[in-house]
Protein chains: 12
Amino acid sequence: MRILLIQGANMEWLGIRQPEVYGRTTAAELDERLQAEAADRGVSLDIRYSNIEGEAINFIYAAARDGVDGLIMNPAGFHYNAYALRDCLRGVSLPYVEVHISNIDSRGMKSVLATEAVGMISGFGLDSYTLGLEAMVRILKKRTVQG
Amino acid sequence: MRILLIQGANMEWLGIRQPEVYGRTTAAELDERLQAEAADRGVSLDIRYSNIEGEAINFIYAAARDGVDGLIMNPAGFHYNAYALRDCLRGVSLPYVEVHISNIDSRGMKSVLATEAVGMISGFGLDSYTLGLEAMVRILKKRTVQG
Amino acid sequence: MRILLIQGANMEWLGIRQPEVYGRTTAAELDERLQAEAADRGVSLDIRYSNIEGEAINFIYAAARDGVDGLIMNPAGFHYNAYALRDCLRGVSLPYVEVHISNIDSRGMKSVLATEAVGMISGFGLDSYTLGLEAMVRILKKRTVQG
Amino acid sequence: MRILLIQGANMEWLGIRQPEVYGRTTAAELDERLQAEAADRGVSLDIRYSNIEGEAINFIYAAARDGVDGLIMNPAGFHYNAYALRDCLRGVSLPYVEVHISNIDSRGMKSVLATEAVGMISGFGLDSYTLGLEAMVRILKKRTVQG
Amino acid sequence: MRILLIQGANMEWLGIRQPEVYGRTTAAELDERLQAEAADRGVSLDIRYSNIEGEAINFIYAAARDGVDGLIMNPAGFHYNAYALRDCLRGVSLPYVEVHISNIDSRGMKSVLATEAVGMISGFGLDSYTLGLEAMVRILKKRTVQG
Amino acid sequence: MRILLIQGANMEWLGIRQPEVYGRTTAAELDERLQAEAADRGVSLDIRYSNIEGEAINFIYAAARDGVDGLIMNPAGFHYNAYALRDCLRGVSLPYVEVHISNIDSRGMKSVLATEAVGMISGFGLDSYTLGLEAMVRILKKRTVQG
Amino acid sequence: MRILLIQGANMEWLGIRQPEVYGRTTAAELDERLQAEAADRGVSLDIRYSNIEGEAINFIYAAARDGVDGLIMNPAGFHYNAYALRDCLRGVSLPYVEVHISNIDSRGMKSVLATEAVGMISGFGLDSYTLGLEAMVRILKKRTVQG
Amino acid sequence: MRILLIQGANMEWLGIRQPEVYGRTTAAELDERLQAEAADRGVSLDIRYSNIEGEAINFIYAAARDGVDGLIMNPAGFHYNAYALRDCLRGVSLPYVEVHISNIDSRGMKSVLATEAVGMISGFGLDSYTLGLEAMVRILKKRTVQG
Amino acid sequence: MRILLIQGANMEWLGIRQPEVYGRTTAAELDERLQAEAADRGVSLDIRYSNIEGEAINFIYAAARDGVDGLIMNPAGFHYNAYALRDCLRGVSLPYVEVHISNIDSRGMKSVLATEAVGMISGFGLDSYTLGLEAMVRILKKRTVQG
Amino acid sequence: MRILLIQGANMEWLGIRQPEVYGRTTAAELDERLQAEAADRGVSLDIRYSNIEGEAINFIYAAARDGVDGLIMNPAGFHYNAYALRDCLRGVSLPYVEVHISNIDSRGMKSVLATEAVGMISGFGLDSYTLGLEAMVRILKKRTVQG
Amino acid sequence: MRILLIQGANMEWLGIRQPEVYGRTTAAELDERLQAEAADRGVSLDIRYSNIEGEAINFIYAAARDGVDGLIMNPAGFHYNAYALRDCLRGVSLPYVEVHISNIDSRGMKSVLATEAVGMISGFGLDSYTLGLEAMVRILKKRTVQG
Amino acid sequence: MRILLIQGANMEWLGIRQPEVYGRTTAAELDERLQAEAADRGVSLDIRYSNIEGEAINFIYAAARDGVDGLIMNPAGFHYNAYALRDCLRGVSLPYVEVHISNIDSRGMKSVLATEAVGMISGFGLDSYTLGLEAMVRILKKRTVQG
């Protein structure tokens, strides 16, 4: 199983930006934790950061061409109005799980990408990634069984 | 750990109502599965169904008085406009995890209760409950450690 | 043919509440008239009153389990925002005819349940019930022929 | 009893236009059926088709001058924004019954003329006309009794 | 000086329709009064009634071709949404004075044609026509002086 | 004088829920204080709590049948969208005084029930009940004098 | 006949402010013209200018106390949102004629005071005042006849 | 205890303006009654009327400088959009009680000043002032106790 | 190939109305040019002008009955709100190409008919018709090939 | 160079009102500082405070008549809805610089006067006045050069 | 003649993404077809793909500097909210033709770039490009003639 | 003192794009002027241009890592909807001053970034940059004093 994880706009500043909302774990520390959790599940995880919406689109088309199995994304700064990214998600056949560190409903926000997801997990801090990984593995296993 | 799971309006009809959206597992089958998963985690799970918003509020105050540790709810038909239930969630000190079988964003819906949740999980079919249980256990463990 | 007739919120006060809008016939007198009209058509009619939306939902699921053939409802006070009741109607397979004593369009009102009805009759006073009964009988007869 | 029935914009194409919504009975066949039903009730029925809102207004003033007793109309394409027709209905003293073949609420539509009707019947296919005729006869009989 | 006066949708019913709003003078009586007032001012007045927006447009293009000097109109039922008529007014070079018998602001209404008028007079009963005629004569006299 | 006091959704949690907004007096303590104040004024006070909108409607119809003189209500969680309750208030002839502990305007809230009240008192803490009782007594005395 | 004419906010700058819209006649020149026209009609005209909404309200109450017969006003800068002035007009029994130099509809504006007027005249330049005076005289004469 | 009572725009016309809404007691009579009630409570009451929003602001700053203890205001015509007055209330430290003679909710109105009040009383006729005085006395007594 | 070209409301005034927007070519000159271009392509072109929406509907049903192959229309004044015409387009099976002389997006306009078109061409002056003719020929040829 | 500085509604309370937003410098201290800065630049500065919108309008017309060169204004409480003041600014030919102590965008506010300014400076505390003075001097110098 | 053709966000996935909407021709095949059609017309065509809005802006400024004659663009994923790109189009002097494969009106979409185009062509499948090329050649030829 | 100045989307075209709005000074000439002014104040100024929002985000994070003291930005084409950039500004601790050449309020525009600025300066042509530099220097000096 190969999974692409995209960290959207401003995620590189994790642990520094608004720690009262996003916590103090840095991007590098999070990557290490997630790679360990992926390895435990026998999953190959490719983590990419970008502040540029079109670059994220490029990552996704490249992954689709390479036969990656699934996409997890914390759209972060892209959640507001990344309609081109939304069309990209709609166009590729990758199952998509959306994760958010904070509960975006509590903050009065709404992700324009969420309509394209299989499912969404938000508000559990960094555990949102762990739960998202678990959810993606379950999705991919079911597809394999049905295939 | 004692957890209350509320199944909101119309959930009793699970497996019969719109199976293309909610699947064919019945309410009774789901209860059995969730009790097994709770037992595996050493959690005592109390499952309640109601079609009446005020009755769900009564369940929650009763649980709060009884010292229950957490609340998982699929608000179902309550998600549209259950503002009194929302105020109840805001008033009690129980951590709340909201789950939805389908991805409500894809269906253009929005839960007025979600602002009161620690986090939300939606779109993973019945696995949303499993992930919600996992999320709640993690929340309660952290609180114990910090306490 | 067995038909459930639900009288929604505040209908128990019929004949007393705003008689310039709803007339002076009481709930009991209306029931008598409708039972007579149903008997003429060989229809068994079960009339229920409730001021609680979730109780009306309970009536409908019970009827669906009992094999009732059709549902006529004057949602009355439920027409404003009974979204859980709307989902219930969407989920059960009973044909539904909605009736209103007054012309709700003239009063600037809109029923959120109407989208789930086979058809709607409004504005003919208590004759709306008679016409609704006639319409339901026609619907059920066609279904029998096609079955 | 003399009744004018107006078939609004696009009704001439009945049976051809969107048969999945409006059925396959043609305008001519419907006219024949309705004349038979009117005759059964001793009603003289004048049926007019028009695609031009102002022409429908002309029909109504002519009928009002001729002493016609009531108006049944399926506004069809006029229901969207025929405000001049609405003012005409408000101005003449003819009782008006509005009918629709399909349930316009289910289709997210709203008739601007409905506020001027005694009552509305929608969603019962061609039976909407039959029920509308029945409703009009009841209205006119009551007025005679009261007069 | 030649002036076209258009009486819009439903004006033929003047004196009969909603007399508490529009008074009891009939269309024929009004015509007579206005012809007398026009004659006093040496104005040739052509009065046309129509319930069909496109027919009113036809009247205006015909008048423009014939060299008529000005247009007075009570749009009546056309004031709601006669955008094609509005474009026509914008296209022809006739000065246009809009009149209304009742004060349309008091009734919460707004004329989409008013933007194309030199000026508007509303609320003075049938005197609105007299004042409109006076206003048009003043407009045409100024143009003559400037020409 | 007999007065019904209804405490709406979540009021049972008074003194526990959001004490920074609603204070620390419990529901039982409030009841005691109000009964004392009622006794001082020679008023018989019946206090009911409910989290279910339809149950509150039932209380009101029962009171109306029993000849109760007036209704004081803190709608609490019902103030958001209890349209059926609003219709009930409109239908019964009981004078209604609405009270709120906090100033709901300051909190950006609006009660859909307030249109049916004789008057409203909000923002004076528990004194809102005292002032409401005083206001009701004045209303009932005036009615007696005029009767 | 005694008439009060109020010139609202910014009218003192007439002839200087936006002459392409309002022309080059100054306030003083306009006053002279209007006094002459009033004298021709045997009308006593009191002209007041104010930039302060509440001061205009004071003028109106003073006039009402003094037995003035009618009010003409060009609300000018007050037309946007002078709701207190609107309530004042609603409260006094003076007939009110509203005038505007430019066609406010063409400029996308709407006067919140217009609902309180007997009628409105807009767009005829300074002739709007002359027509307004004519209209007021006609209103007052009718009242005298009927009185 | 020294209290300032401001009567907002159009209140000077009390008893004359819309008596079906505001009653027939005049401003002078009301003042007399309120001074008597204030005297009974040992309160010094300063009553001011103004039709000019900015003048009301001046009154409030003067009172704040003079050490007045509280402000009662019936904003009347200021309630629509007196945002500068609202900022003034927010800036001074005087406790503010807002009163309305009629129930403004029933009339579809909303006061922009209400967010700044300790509490609001509306709908009890002139008793609204009496209840407002009582409420203010209670507020000031509590502050004294706590001080 | 037989094609109907409808010129909507106000198109007869082409070359005269707002020449800065629509150019100076008259309707007659345009017809001649288009007939020549149609002849070059071996297409029979029937050009109709109407200011009456319902008359345009009549043209389309007549064409559909006569076996015309396609419809090109510049809706002009109909584009604002011709919902009955829109329903007609939806009902007939003629391929429809919509053309506009000016770029309607630049002018902040939107055609309610455009949803029913195969495609739209706007902004190229009279070349919009030429391109529309070319587009229609391509559409019809493809259908022939597929048929 | 002569410059008028208007301090809008509630500015007299500077240093007292919401010091966490506006600081603790009083109006008198600010005046002194600004007069010193103006003197340094050889500018004659006339500072006026008003809580009454129409009075501010009066100041501006008086200044325009007196040949003042420019206007700086902190509209403060006038920024919400002072449309008459906005029209005044549009009508006089004085260059206008708007200043705000706090960043009004951060506070979700918008000045209706800003459209009439040459430019706006907001958010720099009392330095906003200094920067505004600097900006005005630059504007006036350029005009002198070009004149 | 040199023309730049920009293929906006997600166009690289043409033929793969939603083929039921966009068809099965790939981006490479389309390029080949368009180069052939350009060659037939003696046009030099430069085709660029980008998923990054700012990169498309860079392409346009580079082309403007290089003396390219015209721009054809299918904005695709940029049509939703590419306001910076819109400003770029407004700033450069290149004539711009916008093309869409599908009829965007039918899909309820609107391009924010369309206001800047000479004209728009949408809904004709890949023929939209051919028609766009034809339209651009006509525009450039006219400019040459006029130049 | 080290300051980063970002010139947002389309600023590279300064002096060419819409010179009636932005003037004829080119980007290179502006840079030279600003470097001179910065040198006069002993400020090191780093000027960057970008048409890509995410690239601007990259510049800001790089500057934050490098210890730059403040950020001045003319967001230009980014002001419409650069929410990711807004989040970036919110996350870094750099004081931010926003500048605009034209008065964006006059043009009906609003910057989504302005909420994150210390202050905003708009409408003074290229002097907006000079004033912005002055403002930033004052901000940084105060911080030094307080530090």
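Caption draft 1: Inspection of the overall build of chain A at higher detail. Counting secondary structure elements, chain A contains five helices and five strands. When the helices and strands of chain A are read in sequence order from the N terminus, they spell out β-α-α-β-α-β-α-β-β-α. In summary, chain A has a C-alpha radius of gyration of 14 Å against a globular reference of 15 Å for 147 residues, a match within 12%. Evaluated residue by residue, chain A yields a buried proportion of 63% over its 147 residues. Of the contacts formed within chain A by residues at least 6 apart in sequence, a portion of 71% connects residues at least 24 apart. Carbon and sulfur atoms form 48% of the exposed surface of chain A, whose accessible area is close to 5400 Å². With 15 positive and 18 negative side-chain charges, chain A shows a spacing of 6 Å between the two charge centroids.

Caption draft 2: Layout of helix 4 (residues 83-91) of chain I. Of all nine residues in helix 4 of chain I, seven are buried, a share of seventy percent or more. Looking at helix 4 of chain I, one finds that the buried residues are Ala84(I), Leu85(I), Arg86(I), Asp87(I), Cys88(I), Leu89(I) and Gly91(I). Lining the buried residues of helix 4 of chain I we find strand 1 (2-9) of chain D together with helix 3 (53-66), strand 3 (70-76) and strand 4 (96-100) of chain I.

Caption draft 3: Summary view of the relation of the copies chain B and chain A. Mapping chain B onto chain A calls for a screw motion: a turn of 180° about the axis and a shift of 0.0 Å along it, with 0.0 Å RMSD after fitting. On the angle and the small slide along the axis, the relation comes out as a two-fold axis. Distance from the rotation axis, computed per C-alpha, reaches its smallest value in chain B at Ile121(B): 2.3 Å. Taken as a fraction of all interface residues of chain B, those also at the interface in chain A reach 100%, which identifies the copy contact as same-surface.

Caption draft 4: Structural context of the packing of helix 3 (residues 53-66) of chain H against helix 4 (residues 83-91) of chain H. Residue and element names in this part refer to chain H. Closest axis-to-axis distance for the helix 3/helix 4 pair is 9 Å, and the angle between their directions is 10°. Taken together, the axis directions place helix 3 and helix 4 in an arrangement best described as roughly parallel. Contact with helix 3, carried on its side by Glu53, Ile57, Ile60 and Tyr61, involves Tyr83, Ala84, Leu85, Cys88 and Leu89 of helix 4 and no other residues of that element. A per-class count over the contact of helix 3 with helix 4 returns eight nonpolar, no polar and one charged.

Caption draft 5: Layout of the packing of aromatic side chains. Scanning all chains against the criterion turns up 24 aromatic pairs over all chains. Between Tyr61(E) and Trp13(I), the aromatic rings sit 4.5 Å apart at their centres with planes inclined by 35°, giving tilted as the arrangement. With Tyr61(E) in helix 3 (residues 53-66) and Trp13(I) in the loop between strand 1 (2-9) and helix 1 (19-22), this residue pair bridges two chains. When sorted by exposure, Tyr61(E) lands in the same class as Trp13(I), which is buried. Over the ring of Phe59(C) we find Arg48(C), and its NZ or CZ is 5.1 Å from the ring centre.

Caption draft 6: Layout of the sheet that holds strand 5 (residues 119-122) of chain L. Strand order in this open sheet of 10 strands is 2(J)-1(J)-3(J)-4(J)-5(J)-5(L)-4(L)-3(L)-1(L)-2(L), and the pairing throughout is mixed. Each edge of the open sheet carries a strand with a single partner, namely strand 2 (44-49) of chain J together with strand 2 (44-49) of chain L. Within this sheet the neighbouring strands show an average axis-to-axis angle of 20°, counted without direction. Direction of pairing for strand 1 (residues 2-9) of chain J relative to strand 3 (residues 70-76) of chain J: parallel, over a ladder of six bridges. Note on strand 3 of chain J: the bridge partner recorded for Leu5(J) is Ile72(J). Contacting strand 1 and strand 2 of chain J, helix 2 (residues 27-40) of chain J crosses the sheet at an angle of about 160° to strand 2 of chain J.

Caption draft 7: How the structure looks around the interface of chain B and chain A. At the junction of the two partners, chain B supplies 24 residues and chain A supplies 24 residues. In total, about 1900 Å² of surface goes out of reach between chain B and chain A, with carbon and sulfur atoms giving 52% of it. For the pair chain B and chain A, the number of links is six salt bridges. Here Lys110(A) makes a salt bridge to Asp105(B), at a shortest N to O gap of 3.6 Å. Counting the contacts that link chain B with chain A gives 12 residue pairs in polar contact (both at pLDDT 80 or more). Elements with a minimum of two residues in the side of chain B that touches chain A: strand 5 (119-122) and helix 5 (127-146) of chain B. Considering each element in turn, the side of chain B that touches chain A owes the most residues, eight residues, to helix 5 of chain B.

Caption draft 8: Fine view of the side chain of Asn51(C). Structurally, Asn51(C) is set in the loop between strand 2 (44-49) and helix 3 (53-66). Residue class for Asn51(C) comes out buried when judged on its relative accessible area of 6%. In this structure the side chain of Asn51(C) is engaged in a polar contact, spanning 2.9 Å, whose partner is the backbone nitrogen of Asn10(C). Separated by 2.7 Å, the side chains of Asn51(C) and Glu12(C) make a polar contact. Among all residues touching Asn51(C), those that are not within four sequence positions of it are Gly8(C), Ala9(C), Asn10(C), Glu12(C), Phe78(C), Gly54(F), Ile57(F), Asn58(F) and Tyr61(F).

Caption draft 9: Molecular detail of the relation of the copies chain G and chain E. Of the transformation placing chain G onto chain E, the axial shift is 0.0 Å and the rotation is 180°, giving an RMSD of 0.0 Å. Comparing contact sets, 100% of the residues at the interface of chain G also lie at the interface in chain E, consistent with an isologous, same-surface contact.

Caption draft 10: Local environment of the pattern of salt bridges. Going through the model one piece at a time under the given rule, you end up with 135 salt bridges over all chains. Measuring nitrogen to oxygen at the nearest pair gives 2.8 Å for the salt bridge that ties Arg41(C) to Glu134(C). Of the two residues, Arg41(C) is situated in the loop between helix 2 (27-40) and strand 2 and Glu134(C) in helix 5 (residues 127-146); the sequence distance between them amounts to 93 residues. Look at Glu134(C) and you get partly exposed, because its relative accessible area is 22%. The residue Asp127(I) makes a salt bridge to Lys142(K) at a minimum N-O spacing of 3.2 Å. One end of the pair, Asp127(I), is in helix 5 (residues 127-146); the other, Lys142(K), is in helix 5 (residues 127-146), on a second chain. Given a relative accessible area of 8%, Asp127(I) falls into the buried group.

Caption draft 11: Broad picture of the sheet that holds strand 2 of chain C. On the basis of which strands lie adjacent, the open sheet formed by 10 strands has the order 2(C)-1(C)-3(C)-4(C)-5(C)-5(D)-4(D)-3(D)-1(D)-2(D) and mixed pairing. Looking at which strands have only one partner, the edges of the open sheet turn out to be strand 2 of chain C together with strand 2 (44-49) of chain D. Pairwise comparison of adjacent strand axes, ignoring direction, gives a mean angle of 20° for this sheet. Here three bridges tie strand 3 (residues 70-76) of chain C to strand 4 (residues 96-100) of chain C, and the two strands are oriented parallel to one another. Residue pairing across strands places Leu71(C) opposite Tyr96(C), the latter belonging to strand 4 of chain C.

Caption draft 12: A look at the interface of chain G and chain E. Contact residues are listed per partner, giving 24 residues for chain G and 24 residues for chain E. A buried area of about 1900 Å², summed over both sides, lies between chain G and chain E, and 51% of it is on carbon and sulfur atoms. Joining chain G to chain E, the criterion identifies six salt bridges. Among the salt bridges present, the one from Asp127(G) reaches Arg138(E), with a minimum N-O distance of 3.2 Å. Applying the counting criterion to the chain G and chain E interface returns 12 residue pairs in polar contact (both at pLDDT 80 or more). At eight residues, helix 5 (residues 127-146) of chain G tops the list of elements feeding residues into the side of chain G that touches chain E. Of the residues in the side of chain G that touches chain E, the class split is 10 nonpolar, seven polar and seven charged. Pairing geometry for strand 5 (residues 119-122) of chain E and strand 5 (residues 119-122) of chain G, over three bridges, is antiparallel. Note that in strand 5 of chain G the partner of Ile121(E) across the bridge is Ile121(G).

Caption draft 13: Fine view of the pairing of strand 3 of chain C. Residue and element names in this part refer to chain C. In terms of residue burial, strand 3 counts as a mostly covered element, since seven of its seven residues are buried. Both faces of strand 3 are covered, namely the face carrying Gly70, Ile72, Asn74 and Ala76 and the face carrying Leu71, Met73 and Pro75. Taken together, strand 3, helix 4 (residues 83-91) and strand 4 form a β-α-β motif whose crossover is right-handed.

Caption draft 14: Structural context of the arrangement of the chains. Spatially, chain A is disjoint from chain G: no contact exists, and the shortest C-alpha separation is 32 Å. Note that chain D does not reach chain H: the shortest distance linking a C-alpha of one to a C-alpha of the other is 22 Å.

Conventions used here
- Residues numbered from 1 in each chain as written.
- Chains lettered and ligands numbered in written order.
- Predicted model: local features only at pLDDT ≥ 70, side-chain atom pairs only at ≥ 80, totals over all residues.
- Heavy atoms only, no water.
- Helix = DSSP H or I, 4+ residues; strand = E, 2+ residues; numbered from the N terminus.
- Rg over C-alpha atoms; globule rule 2.2 N^0.38 Å.
- Buried < 20%, exposed > 50% of the residue type's maximum accessible area, 1.4 Å probe, protein only.
- Contact = heavy atoms within 4.5 Å.
- Areas by Shrake-Rupley, 256 points an atom, 1.4 Å probe, with all protein chains shown as cover.
- Lys, Arg positive; Asp, Glu negative; His and termini not counted.
- Charge placed at Lys NZ, Arg CZ, Asp CG, Glu CD.
- Least-squares fit on C-alpha atoms with pLDDT ≥ 70 in both.
- Axes fitted to C-alpha atoms, helices over the stretch in contact; angles between N-to-C directions.
- Parallel < 35°, antiparallel > 145°, perpendicular 65-115°, else oblique.
- Nonpolar A, V, L, I, M, F, W, Y, C, P; charged D, E, K, R; others polar.
- Phe/Tyr/Trp six-rings, centres within 6.5 Å; stacked < 30°, edge-to-face > 60°.
- Lys NZ or Arg CZ within 6 Å of the ring centre and 35° of its normal.
- Pairing = 2+ DSSP bridges.
- Buried area = accessible area lost by both parts, 1.4 Å probe.
- Salt bridge = Lys/Arg side-chain N within 4 Å of Asp/Glu carboxyl O.
- Polar contact = N/O pair within 3.5 Å; in protein donor to acceptor, adjacent residues only side chain to side chain.
- Right-handed = clockwise from strand over helix to strand, strands pointing away.

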